[in-house]
2 protein chains.
Amino acid sequence: MASRTPKWREIAETFAQKIRDREYLPGDQLPQIRELVSQGLGSKTTIMAAYRSLETEGLVVTARGHGTRVRRQYPRQVRRHQTRYGWEKALALKPEVERRGNGVVEQDTGLAHEQVECHAEFNTVPADDRLAQRFGVPPGTLMLHRQYWHSVPGDPIALSLIDSYLVHEVASRNPDLLDSSLEPWPGGTHHQLSTIGIEIDQIQDDISTRLATLHESQHLGIPNGSPVILLDKTSVSTDAEVVEFSHVVLPGERTEISYTVPLERWPGR
Amino acid sequence: MASRTPKWREIAETFAQKIRDREYLPGDQLPQIRELVSQGLGSKTTIMAAYRSLETEGLVVTARGHGTRVRRQYPRQVRRHQTRYGWEKALALKPEVERRGNGVVEQDTGLAHEQVECHAEFNTVPADDRLAQRFGVPPGTLMLHRQYWHSVPGDPIALSLIDSYLVHEVASRNPDLLDSSLEPWPGGTHHQLSTIGIEIDQIQDDISTRLATLHESQHLGIPNGSPVILLDKTSVSTDAEVVEFSHVVLPGERTEISYTVPLERWPGR
DNA sequence: GAGTGGTCTAGACCACTGT
DNA sequence: CAGTGGTCTAGACCACTCC
């Protein structure tokens, strides 16, 4: 304990550097804990602290019986919401041939339709106070709750976790909207809503962050203790009614969201 | 080790519940580690793991010689960037009386001008590749680098950490812009740029998240191991030139950013 | 069942805070 | 100097993976 920085931090730093220098490549196994202990590098507790911090940083992944291995880094995915939302709305007016297999998920990931799987589960829940307030309906109003996640076949990790809500009475005007087996709906939410006479006028995004829950980190394939981005998306109709609300959980390390804000020109120039 | 969930997790959960139930109030000291050890609740390592996880969750703060205490929760601050940017630009045209003491920081925090301190430090740096590419200038071009942070007097924590860049040659057209002692500039960046004949036409925000560095967590007063929001703000002039770029670090637990995206109406309805 | 990470203990010693 | 958290050790035993 001669130095100011803890020993476990120094050990972690050493391996972090080696990983960055590609001395260990993705998939490679780092020395076993017991091995480093017997080499006299430190006690098991100390080595474990070092390895754990590398895991939180997202550099390695540990599994019982499978060692501590260098993690594959996924690329960041940029979501340009200005473009995305406008494009998504315009799509709804296109013929079905074009709508089918051209969802925003495909846009996001740059993958073809066949390369994206959609998992959906629908149920009906009474609105709690927060939800009721958002929609301007009495608490307890029945809501259609749609849970989604998308994935690439063969890869178990989710691209995002989505909880979407609609007023059940409104959605049920087209019974097809209540059927989860019809997801993904060709043309997305805008087209779905157009079938019940609703046009979306504006979307409000509220963005925040927090540490992932254990469930989220496993499902999204991100390190335990790493952050997620929370996106609360509220869609307002041309009648100024809130018609849809989505709570989206995005993997922090793989997500970037971009907005372009146009400004009014100064007069006379 | 009878149960599936680790003992340290259970201990942490117990105290987390007590804190939520306000059995311990903000500022209260939790039982000392040694005390819980002598009560036979677990070994020192186990108790420490429990307390550390409470710290990462942001429920408590620990300090050598000062015990483990329940943390005061700061309120979330909502930044409505659509409104904010438009308002900030409009302000630049107002008379100085109005501009002075009406910055966006005051808007964000809801505090009066006297209640916000601005700390600024300026220097000149050559553009690295990323910066050069953003501005469309050759790498090595001299840039004015302005570092800011704002705080409430008496409270050492920063509201945000800002690194702002301008092309030095452009900024130097008004020598006042190079003088950090003139910060905060009444009317903000838009007014500053207007003095050198620049009008900002649009702003692009790129949002991402990661865990705070040690320095950031200390400076922003957030738990070690908690996330920050990174906001990369690019201002484009009416001449379609990138004129300013800011890298903003925001405390994750206290920040929410909101955008409203208007959509084009469908024809004929 | 061998390999490998995860939890836990008991106790020594370090480092910072405040009287 | 007393109080209190932080680091470290050596070793026991648990739980999961893969052969």
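Predicted, not measured: the structure shown is a model, and the values here were computed from it.

Novice: Would you take a moment to explain the overall build of chain A for this structure?
Specialist: Helix and strand content of chain A: ten helices and ten strands. Here chain A has a C-alpha radius of gyration of 23 Å; the compact-globule value for 269 residues is 18 Å, and the former is much larger. Taken along its principal axes, the extent of the C-alpha atoms in chain A is 70 × 55 × 40 Å. Scored against the burial criterion, the 269 residues of chain A give a buried share of 45%. A total of about 13800 Å² of accessible surface is found on chain A, and carbon and sulfur atoms cover 51% of it. Across chain A, the centroid of the 30 positively charged side chains sits 9 Å from that of the 36 negatively charged ones.

Novice: Mind showing me how you'd approach the packing of aromatic side chains here?
Specialist: Here the distance between the centres and the angle between the planes together describe a pair of aromatic rings. Enumeration according to the criterion identifies eight aromatic pairs over all chains in this entry. Seen in terms of ring centroids, phenylalanine 15 of chain A and tyrosine 24 of chain A are 6.2 Å apart; in terms of plane orientation they differ by 45°. Their pairing is tilted. Accessibility classification places phenylalanine 15 of chain A together with tyrosine 24 of chain A in one group, the buried group. For the pair tyrosine 259 of chain A and tyrosine 259 of chain B, a centre-to-centre distance of 3.9 Å together with 10° between the ring planes defines the contact as stacked.

Novice: Help me out: how do you make sense of the domain arrangement of chain A in this one?
Specialist: Many authors give the size of an interface as the accessible area that is lost as the parts come together. If you check the domain split of chain A, you get domain 1 (7–70) and domain 2 (77–258). Taking the mean C-alpha position of each, domain 1 of chain A and domain 2 of chain A sit 38 Å from one another.

Novice: Whenever I open this one, the relation of the copies chain A and chain B confuses me. Can you help?
Specialist: One copy of the chain maps onto the other through a rotation about an axis followed by a shift along the same axis. Relative to chain B, chain A is turned by 180° and slid 0.0 Å along the rotation axis, the superposed coordinates differing by an RMSD of 0.0 Å. Both copies are brought into coincidence by an operation consistent with a two-fold rotation axis. Considering only C-alpha atoms, the part of chain A nearest the rotation axis is proline 227 of chain A, at 3.0 Å. Take the interface residues of chain A: 100% of them recur as interface residues in chain B, which is what a same-surface contact looks like.

Novice: Please explain the interface of chain A and chain B as it appears in this structure.
Specialist: Across the boundary between the two partners, chain A contributes 47 residues, which contact 48 residues of chain B. Summed over both partners, the interface of chain A with chain B buries about 4100 Å², with 58% contributed by carbon and sulfur atoms. When the buried surface of chain A facing chain B is broken down by residue, Val261, Leu263 and Trp266 of chain A rank first, second and third, together holding 20% of it. Applying the counting rule to chain A against chain B returns 21 residue pairs in polar contact (both at pLDDT 80 or more).

Novice: Sorry if this is basic, but what is going on with the protein's contact with DNA strand C here?
Specialist: Near DNA strand C lie 26 residues; those nearest to it are Gln32, Lys44 and Gly65 of chain A together with Lys7 and Thr46 of chain B. When atoms of DNA strand C within 4 Å of the protein are sorted by moiety, sugar and phosphate together comprise 64%. Here a base oxygen of DNA strand C sits 2.3 Å away from a polar atom, N or O, in the side chain of lysine 44 of chain A. A distance of 3.0 Å separates a phosphate oxygen of DNA strand C from a polar side-chain atom of threonine 62 of chain A. When the residues that make up the surface near DNA strand C are grouped by side-chain class, the tally is seven nonpolar, twelve polar and seven charged.

Novice: Quick question: what am I supposed to make of the packing of helix H1 (residues 7–20) of chain A against helix H3 (residues 44–56) of chain A here?
Specialist: How two helices sit against one another is set out by the angle between their axes and by the gap between those axes. Residues and elements named next belong to chain A. Relative to each other, H1 and H3 sit at 50°, their axes nearing to 8 Å. If you check the angle between H1 and H3, you find them oblique. In terms of crossing hand, the pair formed by H1 and H3 is right-handed. Only Thr46, Ile47, Ala49, Ala50, Tyr51, Ser53 and Leu54 of H3 make contact with H1, whose side of the interface consists of Lys7, Trp8, Arg9, Ile11, Ala12, Phe15 and Ala16. Of the residues assigned to the contact of H1 with H3, the class counts are ten nonpolar, two polar and two charged.

Novice: So what exactly am I meant to see when it comes to the pairing of strand S1 (residues 60–63) of chain B here?
Specialist: It is a general feature of regular strands that their side chains alternate between the two faces of the sheet. All names here are of chain B. Bridge count for S1 against strand S2 (residues 67–70) is four bridges, and the pairing is antiparallel. Opposite alanine 63, over in S2, you have glycine 67 as the bridge partner. Where S1 hands over to S2, the hairpin turn is made up of three residues, of which glycine 65 adopts a positive phi near 75°.

Novice: Would you mind showing me how to read the sheet that holds strand S3 (residues 77–80) of chain B here?
Specialist: Consider a sheet: its strands pair through backbone hydrogen bonds, and that pairing is either parallel or antiparallel. Judged by pairing direction, the sheet is mixed, and its eight strands sit side by side in the order S4(A)-S5(A)-S6(A)-S9(A)-S8(A)-S7(A)-S10(B)-S3(B) without closing on themselves. Unpaired on one side and paired on the other, strand S4 (117–126) of chain A together with S3 of chain B mark the two borders of the sheet. Averaged over neighbouring strand pairs, the angle between their axes works out to 20° when direction is ignored. In the sheet, strand S7 (residues 200–211) of chain A pairs with strand S8 (residues 227–237) of chain A via eleven bridges, with the strands oriented antiparallel. Bridge pairing in S8 of chain A places isoleucine 200 of chain A opposite serine 237 of chain A.

Novice: I'm lost on the pairing of strand S10 (residues 255–262) of chain A in this one. Help?
Specialist: Most of S10 of chain A is tucked away: six of the eight residues are buried. Alignment of strand S3 (residues 77–80) of chain A against S10 of chain A, held across four bridges, turns out to be parallel. The residue bridging arginine 79 of chain A from the neighbouring strand is isoleucine 257 of chain A, located in S10 of chain A. Note that S10 of chain A and strand S7 (residues 200–211) of chain B share six bridges and pair antiparallel. Bridged to threonine 260 of chain A within S7 of chain B is glutamine 204 of chain B.

Novice: Just to check I follow, could you spell out helix H4 (residues 81–91) of chain B for this structure?
Specialist: Each α-helix turn comprises 3.6 residues. Residues three or four places apart therefore point the same way. Buried within H4 of chain B we find His81, Arg84, Tyr85, Glu88, Lys89 and Leu91 of chain B. Burial along H4 of chain B is one-sided: seen end-on, the buried residues are contained in an arc of 160°.

Novice: Sorry if this is basic, but what is going on with H1 of chain A here?
Specialist: Residue and element names in this part refer to chain A. Taking 1.5 Å of rise per residue, the 14 residues of H1 would be expected to cover 20 Å, and the 20 Å separating its terminal C-alpha atoms lies within 8% of that figure. Taken as a whole, H1 has its buried residues at Ile11, Ala12, Phe15, Ala16 and Ile19. On an axial view of H1, the arc spanned by its buried residues comes to 135°, and they lie on one face. Immediately downstream of H1, the backbone of arginine 22 shows phi near 60°, a positive value.

Novice: What is the right way to read the pattern of salt bridges from this model?
Specialist: Pairing of side chains with opposite charge becomes possible as their charged atoms draw close. Here the structure, examined in full by the defined rule, presents 18 salt bridges over all chains. For the salt bridge of aspartate 232 of chain A with arginine 134 of chain A, the shortest nitrogen-to-oxygen distance reads 3.6 Å. Residue aspartate 232 of chain A is found in strand S8, and its partner arginine 134 of chain A is found in helix H7 (residues 129–135); the two are separated by 98 residues along the sequence. You can call aspartate 232 of chain A buried: its relative accessible area is 12%. Residue arginine 134 of chain A is classed as partly exposed on the basis of its relative accessible area of 26%. Across the pair glutamate 57 of chain B and arginine 9 of chain B runs a salt bridge whose closest N-O atoms are separated by 3.0 Å. One end of the pair, glutamate 57 of chain B, is in the loop between helix H3 (44–56) and S1; the other, arginine 9 of chain B, is in helix H1 (residues 7–20), and 48 residues separate them in sequence. For glutamate 57 of chain B, a relative accessible area of 38% corresponds to the partly exposed category. Beyond isolated ion pairs, a larger network of salt bridges with shared partners links Arg9, Glu13 and Glu57 of chain A.

Cut-offs applied
Here, residues in each chain are numbered from 1, in the same order as that chain's written sequence. As they are written, the chains are lettered A onward and the ligands numbered 1 onward, keeping that order. Since the coordinates come from a predicted model, pLDDT governs what is reported: local features require at least 70, and pairs of side-chain atoms require 80 or more to be given and counted, while whole-chain, interface and lining totals use all residues. The basis for every side-chain value is the complete set of non-hydrogen atoms in the structure, without hydrogens or water. Put simply, DSSP H or I for four residues or longer makes a helix, DSSP E for two residues or longer makes a strand, and each gets a number counted from the N terminus. In this treatment the radius of gyration is a C-alpha quantity, and the globule benchmark scales as 2.2 Å times the residue count to the 0.38 power. The buried label applies to any residue whose accessible area, calculated with a 1.4 Å probe on protein chains only, is under 20% of its type's maximum; exposed applies above 50%, and partly exposed to all values in between. Surface accessibility follows the Shrake-Rupley procedure with a 1.4 Å probe radius. Residue values consider only the protein chains on display as shielding. Neither His nor the chain ends is counted toward charge; the positive residues are Lys and Arg and the negative residues Asp and Glu. For charged residues, the charge sits on one atom: NZ in Lys, CZ in Arg, CG in Asp, CD in Glu. Stacked, tilted and edge-to-face pairs are distinguished by plane angle, under 30 degrees for stacked and over 60 for edge-to-face with tilted covering the rest, among Phe, Tyr and Trp rings (Trp via its six-membered ring) whose centres lie within 6.5 Å. Where a domain begins and ends is set by an automatic assignment or by a domain database. Here the copies were fitted onto each other by least squares, based on C-alpha atoms from residues at pLDDT of at least 70 in both. When checking whether two residues touch, look at their non-hydrogen atoms; a contact exists if any pair is within 4.5 Å. Summed over both partners, buried area is the accessible surface (1.4 Å probe) that two parts give up on being assembled. Polar contact criterion, stated in full: a pair of N or O atoms within 3.5 Å, where within protein one must be able to donate a hydrogen and the other to accept it, and residues adjacent in sequence count only if both atoms are side-chain atoms. We call a residue near a molecule or strand when any one of its heavy atoms sits within 4 Å of it. Here the nonpolar group is Ala, Val, Leu, Ile, Met, Phe, Trp, Tyr, Cys and Pro; Asp, Glu, Lys and Arg are the charged ones; every other residue, Gly included, is treated as polar. Axis angles are defined between N-to-C directions and span 0 to 180 degrees, where every axis is a line fitted to C-alpha atoms and, for a helix, only to the segment in contact. Small angles under 35 degrees read as roughly parallel and large ones over 145 as roughly antiparallel, with 65 to 115 read as roughly perpendicular and the rest as oblique. Crossings are sorted by hand: turned counterclockwise from the far helix by less than a right angle, the near helix makes the crossing left-handed, and turned clockwise it makes it right-handed. Strands are treated as partners if at least two bridges between them are detected by DSSP. Directions are taken from the helix axis to each C-beta atom, and the arc is the one they span. Between the first and last residue of a helix there are one fewer steps than residues, each counted as 1.5 Å, and that sum is the expected span. For this document, the term salt bridge refers to a Lys or Arg side-chain nitrogen within 4 Å of an Asp or Glu carboxyl oxygen.

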